[in-house]
Amino acid sequence: MAIKLYGGVGSTATLRAKACLAEKELDYEFVPVNMGNKEHKSPEFLARNPFGQVPALEDGDLKLFESRAITQYLAHTYPDNGTNLIIHDPKKMAIVGVWIEVEAQKFDQFGSKLAWELAYKPMFGLTTDEAAVEEHEKKLEQVLDVYESRLSESKYLGGDCFTLADLHHLPILKFLFGTKAKRLFDARPHVSAWAAEIQSRPAWVKATTA
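Residues numbered from 1 in each chain as written. Predicted model: local features only at pLDDT ≥ 70, side-chain atom pairs only at ≥ 80, totals over all residues. Heavy atoms only, no water.

Trainee: Please explain the pairing of strand 3 (residues 56–59) as it appears in this structure.
Mentor: The side chains of a regular strand alternate between the sheet's two faces. Of the two faces of strand 3, the one holding Ala56 and Glu58 and the one holding Leu57 and Asp59 are both buried throughout. In terms of strand pairing, strand 1 (residues 3–7) meets strand 3 through four bridges, oriented antiparallel. Residue pairing across strands places Ile3 opposite Asp59, the latter belonging to strand 3. Pairing analysis gives four bridges linking strand 3 to strand 4 (residues 62–65), with the strands arranged antiparallel. Looking at the pairing, Asp59 lines up with Leu62 of strand 4. As consecutive antiparallel partners, strand 3 and strand 4 are separated by two residues, and within that stretch Gly60 has a phi angle of approximately 65°, a positive value. (Buried < 20%, exposed > 50% of the residue type's maximum accessible area, 1.4 Å probe, protein only. Helix = DSSP H or I, 4+ residues; strand = E, 2+ residues; numbered from the N terminus. Pairing = 2+ DSSP bridges.)

Trainee: Looking at this structure, I do not really get the sheet that holds strand 3. What am I missing?
Mentor: Working definition: the strands of a sheet are paired by backbone hydrogen bonds and lie parallel or antiparallel to each other. Read across the open sheet, the four strands follow the order 2-1-3-4; overall the sheet is mixed. Unpaired on one side and paired on the other, strand 2 (28–32) and strand 4 mark the two borders of the sheet. Each strand of the sheet is rotated relative to its neighbour by a mean of 20°, with strand direction disregarded. Helix 1 (residues 12–23) rests against strand 1 and strand 2 of the sheet, and its axis sits at about 155° to strand 1. Contacts from helix 3 (residues 67–77) reach strand 1, strand 3 and strand 4, with the element oriented near 135° to strand 4. (Axes fitted to C-alpha atoms, helices over the stretch in contact; angles between N-to-C directions. Contact = heavy atoms within 4.5 Å.)

Trainee: Help me understand the pairing of strand 2, please; the structure alone is not making it clear to me.
Mentor: Looking at chain direction, strand 1 and strand 2 are connected through five bridges and run parallel. Paired with Gly7 across the strands is Pro32, a residue of strand 2. For the crossover that starts at strand 1, traverses helix 1 and ends in the parallel strand 2, the hand is right-handed. (Right-handed = clockwise from strand over helix to strand, strands pointing away.)

Trainee: Help me out: how do you make sense of unusual backbone geometry in this one?
Mentor: The phi torsion of most residues other than glycine is negative, and most of the peptide bonds are trans. Look at the link from Val54 to Pro55: it is a cis peptide, with omega at 5°. Looking at where Pro55 falls in the secondary structure, it is placed in the loop between helix 2 (43–46) and strand 3. Residue Glu25 is not a glycine yet carries a positive backbone phi of 55°. Its identity is not glycine, yet Lys38 carries a phi of approximately 60°, on the positive side. By the secondary structure assignment, Lys38 is in the loop between strand 2 and helix 2. Accessibility expressed as a relative area gives 56% for Lys38, which makes it exposed.

Trainee: Quick question: what am I supposed to make of the state of the cysteines here?
Mentor: In a disulfide, the sulfur atoms of two cysteines are covalently bonded to one another. Tallied over the entire structure, the rule returns zero disulfides. Between Cys161, a free cysteine, and Cys20, which holds the nearest cysteine sulfur, the sulfur-to-sulfur gap is 14 Å. Look at Cys161 and you get partly exposed, because its relative accessible area is 33%. (Disulfide = S-S within 2.5 Å.)

Trainee: How do you make sense of the packing of aromatic side chains when you look at a structure like this?
Mentor: Ring pairs (aromatic) are described by centroid distance and by the angle formed between their planes. For the structure shown, the criterion picks out twelve aromatic pairs. Measuring from ring centre to ring centre gives 5.1 Å for Phe177 and Phe185, while their planes differ by 50°; the resulting arrangement is tilted. One residue, Lys174, lies across the ring of Phe175, its end atom 5.8 Å from the ring centre. Here Arg201 stacks its cationic end above the ring of Phe162, 3.8 Å away from the centre of that ring. (Phe/Tyr/Trp six-rings, centres within 6.5 Å; stacked < 30°, edge-to-face > 60°. Lys NZ or Arg CZ within 6 Å of the ring centre and 35° of its normal.)

Trainee: Mind showing me how you'd approach the layout of surface pockets here?
Mentor: Taking a probe equal in size to a water molecule and rolling it over the atoms shows the remaining empty space. In this structure, the largest pocket encloses a volume near 670 Å³. Looking at the largest pocket, it is lined by 25 residues, and the ones nearest its centre are Ser11, Thr12, Ala13, Val54 and Tyr120. Of all elements in the fold, only helix 1, helix 3, helix 4 (90–123) and helix 7 (170–176) reach the threshold of two or more residues within the lining of the largest pocket. At six residues, helix 4 tops the list of elements feeding residues into the lining of the largest pocket. (1 Å grid on protein atoms, 1.4 Å probe; cavity = no way out; pocket = protein on both sides within 12 Å on 5 of 7 lines; lining within 4 Å. Points joined across faces, edges and corners; volume = space filled by probe spheres on them.)

Given below as structure tokens:
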């Protein structure tokens, strides 16, 4: 049975799952969820994700939700497809795991709020809260200072190869790089080079244009 990904257009979490599917070169059916019509709150969709959020994934009789759980599943279940996004050495994978957590707990916390204020609000005709932007920029800068130090020691966050730790950042980077927040990355040369490289990956280009 084919893999099915249920997601919303413009959803960063959906893009995270699509990025992983593209890197793994897996065939799948994308089922768009009309969030404007509250389709993600319908009984049919709530059977896939009881929290009513996208994305949701079906692989045979397995049903998953939460984008990072989906990427972990795909990376571990299909190790021989496409790009290997995990490391089989347990100590090295533990380092990757640290940066997977950092993305989820630190980077996304402030990056997603900035993306909402600077990218999403203008799209929806809402007014950007400049005070909130200033607050979240300061907090994201503190995170990026740690990234700059880390990336001065290794090419990627998890080590010498591209992994889920890097991939998980792509959706927020996509939206922030179209706003004035890009300057926060440009001001840090190692972060800037890393962000430019991972955003130029063919799989990411495919995921954002498919």
